[in-house]
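Residue-level structural notes
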Amino acid sequence: MLMQGPEPGARTPLDEIDLFDPVRFRTVPPHPIWHTLRAEAPVWRQARPGQPAFWNVTRYDDVVRIVKDTARYSSTHGNVLDVAEHGDSAGGLTMPLMDPPDHGQVRGPAIRTMSTQVVRRRSEGVRRRIRRLLEPALAGETVDFAQIMLHLPMLAVGEILGVPEEVWQDIPGWTMAGVAPQDPVYAQGSNERTLRRAHYQLFAMFSKLIAERRRAPKDDLISLLTQLEVNGRKFDDQQVLLNCYSMVMGANTTTPHVAGHLILALAENPDAWRMVLADPELVSGCVEEALRWATPTNHVMRRTTTDVEIDGVRIGEGEIVAAWIGSANRDESVFEDPYRFRPDRKPNPHLAFSLGAHYCIGGPAARSLLNVLVEELAATFSAFEIDGTVEHLASNFINGLTRLPIRPVLRHDAPVALAASGA
Ligand code: HEM
């Protein structure tokens, strides 16, 4: 989606707002829309002819209240607007689509495989892989960073999940098609056909790996899932498969777009990058600001389990609510100067990983990966220049880039030989 904020004094007429149509997110910037909604209609119902209406919640405090309240806002119907009408067929079966207390029985064991300590132990290996990934940019010519960054997540979590390295290169195409089947870069015919193909490829890969791990468990997440019990019953193959799917989707559809939006923001705002280059202490601040800035997960969807009231608006039981994290992360009552990319922003209580029971379990891995990436970018490039048309993903859920032509400017003291050797 396009990242600009509202023009001073501008508002979007409410009857022109459509926060559902995925294709609009390629060309219509949502920040001015969310700005209007936060000011005028923070709990706003979008009607859709022939389809269920849904509620849009855009203020920071309200989004926090919703994601923390799993009793009244359930995830079992699905957590993305695309499935609002029929519900997600994995509802109640995968970690993101379970409610407490069952949810904790999957999350507890799984989270240990991705703890900060586990991630820290792996970070030097990740650094070597990131250097290899950045090699195409070392010639100083224009490269498509959106495509390069798609390969980031597996460098950090491929082994943790248990996905063999020889298929890492295929994962971005399959996962992005699974989340944005209407995007021209990923569509292969109709929506249904694109989704069917993406699911088939991922399910075929995981089915084979699950059978292998049942025979010979390893130290990875697939093996852990094959041994998991919920309410005294072992996970069957379908539950293992769906949870593997949600993990690989969670990792691959989000992290690359933080990196892409970061590089785009630095190209548009060279002073911010000069600030980081002058003060390495700002690397982690730059990562946190990139997470706020990009907010790759625009919204999370919930369904009410009872009548609720938000900001004086009554919402009935069984209704669909979209909590717009992308909007919360620009809420001017929490973030000063929210439409400016500021690596020195402090505090930065962004909600990119959400909060509460479903707080992203890949958060430590993604954070560490992005910190290593920014360190490597800082050691290598003094600036980034946009050299062509930037294209945005067709998705109401993921704030992604599909094309980011950037000419990087190498630092005069860049460790080119070291980087190029992959050492
Ligand atoms: C910058 C990168 C990432 C962002 C911004 C992000 C964002 C999110 C958000 C907003 C949620 C909450 C979903 C909800 O409440 O419905 C979430 C949950 C989740 N994420 Fe991430 N994610 C990222 C990286 C990852 C990675 C690397 C993995 C896997 C290795 C992952 C796996 C998951 C899983 C399994 C959940 C569900 C947790 C639960 O329900 O308890 N994510 N993520």
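What counts as what
- Residues numbered from 1 in each chain as written.
- Predicted model: local features only at pLDDT ≥ 70, side-chain atom pairs only at ≥ 80, totals over all residues.
- Heavy atoms only, no water.
- Helix = DSSP H or I, 4+ residues; strand = E, 2+ residues; numbered from the N terminus.
- Rg over C-alpha atoms; globule rule 2.2 N^0.38 Å.
- Buried < 20%, exposed > 50% of the residue type's maximum accessible area, 1.4 Å probe, protein only.
- Contact = heavy atoms within 4.5 Å.
- Lys, Arg positive; Asp, Glu negative; His and termini not counted.
- Charge placed at Lys NZ, Arg CZ, Asp CG, Glu CD.
- pLDDT = per-residue confidence, 0-100.
- Donors = N, O, S within 2.8 Å, 3.2 Å for Na, K, Ca; no water.
- Pairing = 2+ DSSP bridges.
- Near = heavy atom within 4 Å.
- Polar contact = N/O pair within 3.5 Å; in protein donor to acceptor, adjacent residues only side chain to side chain.
- Axes fitted to C-alpha atoms, helices over the stretch in contact; angles between N-to-C directions.
- Salt bridge = Lys/Arg side-chain N within 4 Å of Asp/Glu carboxyl O.
- Phe/Tyr/Trp six-rings, centres within 6.5 Å; stacked < 30°, edge-to-face > 60°.
- Parallel < 35°, antiparallel > 145°, perpendicular 65-115°, else oblique.
- Left-handed = near helix turned anticlockwise from the far one by under 90°.

Attention shifts here to the overall build of the protein chain. A tally of helices and strands in the protein chain yields 16 helices and 14 strands. Computed over its C-alpha atoms, the radius of gyration of the protein chain comes to 21 Å, within 12% of the 22 Å expected for a compact globule of 423 residues. Referenced to the eigenvectors of the C-alpha coordinate spread, the extents of the protein chain come out at roughly 65 × 60 × 40 Å. The proportion of buried residues among the 423 residues of the protein chain is 56%. Excluding contacts between residues fewer than 6 apart, the proportion of contacts in the protein chain whose partners are at least 24 apart in sequence is 72%. Both charge centroids of the protein chain, one from 44 positive and one from 52 negative side chains, sit 5 Å from each other.

When pLDDT is averaged along the protein chain, the result is 96; 98% of the residues meet or exceed 70. Contacts from residues 417-423, a stretch scored under 50 in pLDDT, to residues over four places away or in other chains number 13 contacts.

Below, the discussion takes up the coordination of the iron atom of the ligand. From the protein, the iron atom of the ligand takes a single donor atom, Cys-360 (SG), 2.3 Å away. Within the secondary structure layout, Cys-360 lies in the loop between helix H14 (325-328) and helix H15 (363-380).

Pairing of strand E1 (residues 43-48) with strand E2 (residues 51-57) involves five bridges; the strand directions are antiparallel. Each residue of the ladder has a partner; that of Trp-44, found in E2, is Asn-56. Two successive antiparallel strands, E1 and E2, enclose a turn made up of two residues, where Gly-50 displays a positive phi of approximately 75°.

This part takes up the site of the ligand. By nearness alone, 28 residues border the ligand, and His-103, Arg-107, Arg-302, His-358 and Cys-360 come closest of all. In the environment of the ligand, an oxygen atom lies 3.0 Å from a nitrogen or oxygen atom belonging to the side chain of Asn-79. In the environment of the ligand, an oxygen atom lies 2.7 Å from a nitrogen or oxygen atom belonging to the side chain of His-103. Those elements giving two or more residues to the shell around the ligand turn out to be helix H3 (102-112), helix H10 (237-252), helix H11 (255-268) and strand E7 (299-304). Considering every element that reaches the shell around the ligand, the biggest residue donor is H10, with three residues.

Let us now look at H3. Side chains three or four residues apart in an α-helix point the same way, a direct result of the helix having 3.6 residues per turn. Along H3, the residues that are buried comprise His-103, Val-106, Arg-107, Pro-109 and Ala-110. Along its buried surface, H3 packs onto helix H9 (221-226), strand E5 (229-230) and H10.

What follows deals with the sheet that holds strand E14 (residues 405-410). Reading across the sheet, the three strands line up as E4-E14-E11 and stay open at both edges, with antiparallel pairing between neighbours. The open sheet has two edge strands with one neighbour each: strand E4 (143-144) and strand E11 (381-386). The strands touched by H15 within the sheet are E11 and E14, with E11 carrying the most contacts at an inclination of about 95°.

Quick look at the sheet that holds strand E10 (residues 320-324) now. The five strands lie next to each other as E1-E2-E10-E7-E3, forming an open sheet whose pairing is mixed. The open sheet terminates on both sides in strands that have one partner only, identified here as E1 and strand E3 (73-74). In the packing of helix H2 (residues 60-68) onto the sheet, contacts are made with E2, E3, E7 and E10, and the angle to E10 comes to roughly 125°.

Before going further, it helps to spend a moment on the pattern of salt bridges. On inspection of all chains with the given rule, the structure shows 27 salt bridges. In this structure, Arg-122 engages Glu-159 in a salt bridge whose closest nitrogen and oxygen atoms are separated by 2.7 Å. With Arg-122 in helix H4 (residues 116-134) and Glu-159 in helix H6 (residues 152-161), this pair connects stretches of sequence that are 37 residues apart. Salt-bridge contacts for Asp-271 lead to Arg-274; the nearest nitrogen and oxygen are separated by 2.7 Å. On the criterion of helical spacing, the pair formed by Asp-271 and Arg-274 is a turn pair, its members being three residues apart in helix H12 (residues 270-278). Here Asp-271 and Arg-274 have matching classes, each one exposed.

The final tally for this structure, using the stated rule, is ten aromatic pairs. Residues Trp-273 and Phe-384 carry aromatic rings whose centres are separated by 5.6 Å and whose planes lie at 50° to one another, so their mutual orientation is tilted. Taken together, the positions of Trp-273 in helix H12 and Phe-384 in strand E11 put the pair 111 residues apart, joining distant regions of the chain. Overall, the relative accessible area of 2% leaves Trp-273 in the buried class. By relative accessible area, which is 4% here, Phe-384 ends up buried.

Turning to the environment of His-103, a few remarks are in order. Checked against the element boundaries, His-103 lands in helix H3. On the accessibility criterion, His-103 (3% relative accessible area) is buried. If we ignore the near neighbours within four places in the chain, the residues touching His-103 are Met-95, Met-98, Ala-357 and His-358. A polar atom in the side chain of His-103 sits 3.3 Å from the side chain of His-358.

As a further point, take the packing of helix H13 (residues 283-294) against H15. Where H13 contacts H15, the two axes come as close as 9 Å, and the packing angle between them is 120°. Judged on the interaxial angle alone, H15 and H13 are oblique. As for the relative orientation of H13 and H15, their crossing is right-handed in sense. In contact with Val-283, Ser-284, Cys-286, Val-287, Glu-288 and Leu-291 of H13, H15 contributes Arg-367, Leu-370, Asn-371, Val-374 and Glu-375.

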